[in-house]
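Survey of secondary and tertiary structure
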Amino acid sequence: MRTYLVVVDESPESAVALRFAARRAVKTNGGVEVLALVEPQEFAPWGGVQATIEEEATERAEALVQAAAGTLIAESGLQPHLTVRTGDGPRIVREMIAANPDIAALVLGAAATGSPGPLVTHFAGTDAGALPVPLMIIPGSLNREGIDRLS
């Protein structure tokens, strides 16, 4: 099954990318893999404090993917696969693509203004030619009608 890998965070462009991926999946009889990344925490001399910070970050990421799943189910009827991983974002994305041959594209949202975001910058720059799947960069300035028209 053709699967679209979408990396979600709390940004508006993430919601745009998620909607685009869901609509493409419905039209191609595919699926959606939703990934939330947790930044590794810098070492803190008080281990308990660091563990609490990491736990809270993981809980926020899990809530984020659950909310994304709710949106997908409500708007498209799709039941996405949800993943939360801690570590280097580009490395995790590459690992997920390598581990799942059904992933047909990486879908990322670019910020409407300013820097497009770290993953877009990385995969459209340094790793532009190295991905084994197409990279779909969805402009964060698109409204629902624009996404629906293009997807």
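What comes next concerns the included structure. Remember, predicted model here, so these are calculated numbers, not experimental data. (Residues numbered from 1 in each chain as written. Predicted model: local features only at pLDDT ≥ 70, side-chain atom pairs only at ≥ 80, totals over all residues. Heavy atoms only, no water.)

As a further point, take the side chain of E13. Secondary-structure assignment places E13 in helix 1 (residues 12-27). The side chain of E13 sits in the buried core without any salt bridge; R144 is the nearest counter-charge, 15 Å away. (Helix = DSSP H or I, 4+ residues; strand = E, 2+ residues; numbered from the N terminus. Buried < 20%, exposed > 50% of the residue type's maximum accessible area, 1.4 Å probe, protein only. Lys, Arg positive; Asp, Glu negative; His and termini not counted. Salt bridge = Lys/Arg side-chain N within 4 Å of Asp/Glu carboxyl O.)

In this section: the sheet that holds strand 5 (residues 135-139). Hydrogen bonds along the backbone pair up the strands of a sheet, which may run parallel or antiparallel. Taken together, the five strands give an open sheet; going across it, the order is 3-2-1-4-5, and neighbouring strands pair in parallel fashion. Unpaired on one side and paired on the other, strand 3 (81-86) and strand 5 mark the two borders of the sheet. Neighbour-to-neighbour, the strand axes of the sheet open up by a mean angle of 25 degrees, direction not taken into account. Pairing between strand 4 (residues 103-110) and strand 5: five bridges, direction parallel. Within strand 5, the residue paired with G109 across the bridge is I138. Against the sheet, helix 1 makes contact with strand 1 (3-8), strand 2 (31-38), strand 4 and strand 5, and its axis sits at roughly 170 degrees relative to strand 1, the strand it touches most. Each of strand 1, strand 2, strand 3 and strand 4 is contacted by helix 3 (residues 89-99), which is oriented at about 140 degrees to strand 3, the strand it contacts most. (Pairing = 2+ DSSP bridges. Axes fitted to C-alpha atoms, helices over the stretch in contact; angles between N-to-C directions. Contact = heavy atoms within 4.5 Å.)

Take E54: it is sitting in helix 2 (residues 47-76). The spacing of E54 and P40 is 14 residues in sequence and 7.5 Å in space, taken between C-alpha atoms.

Moving on, we come to unusual backbone geometry. Positive phi, close to 60 degrees, is recorded for N29, a residue that is not glycine. Take N29: it is sitting in the loop between helix 1 and strand 2. Relative accessible area serves as the criterion here: at 68%, N29 is assigned to the exposed category.

Moving on, we come to the layout of surface pockets. The space that makes up the largest pocket amounts to roughly 580 Å³. Around the largest pocket, the lining is made up of 26 residues, and of these V7, V8, D9, L37 and E39 lie nearest the centre. Looking at the lining of the largest pocket, the elements that each hand over two or more residues are strand 1, helix 1, strand 2, helix 2, helix 3, strand 4 and helix 4 (118-124). Partitioned by chemical class, the residues of the lining of the largest pocket number 14 nonpolar, seven polar and five charged. Of the voids in this model, the second largest pocket is the one considered here, and its volume is about 340 Å³. (1 Å grid on protein atoms, 1.4 Å probe; cavity = no way out; pocket = protein on both sides within 12 Å on 5 of 7 lines; lining within 4 Å. Points joined across faces, edges and corners; volume = space filled by probe spheres on them. Nonpolar A, V, L, I, M, F, W, Y, C, P; charged D, E, K, R; others polar.)

So, on to the pattern of salt bridges. Under the criterion given, the structure shown has four salt bridges. Where R19 meets D148, a salt bridge forms, and the shortest distance between an N and an O atom there is 2.9 Å. Taken as a pair, R19 in helix 1 and D148 in helix 5 (residues 144-150) lie far apart in primary sequence, 129 residues in all. Judged by its relative accessible area of 24%, D148 is partly exposed. As a salt-bridge pair, R23 and D148 come within 3.0 Å of each other at their nearest N and O atoms. Remark: D148 occurs in helix 5 and R23 occurs in helix 1; sequence separation between them is 125 residues. Bridged by salt links that share partners, the residues R19, R23 and D148 form one connected network.

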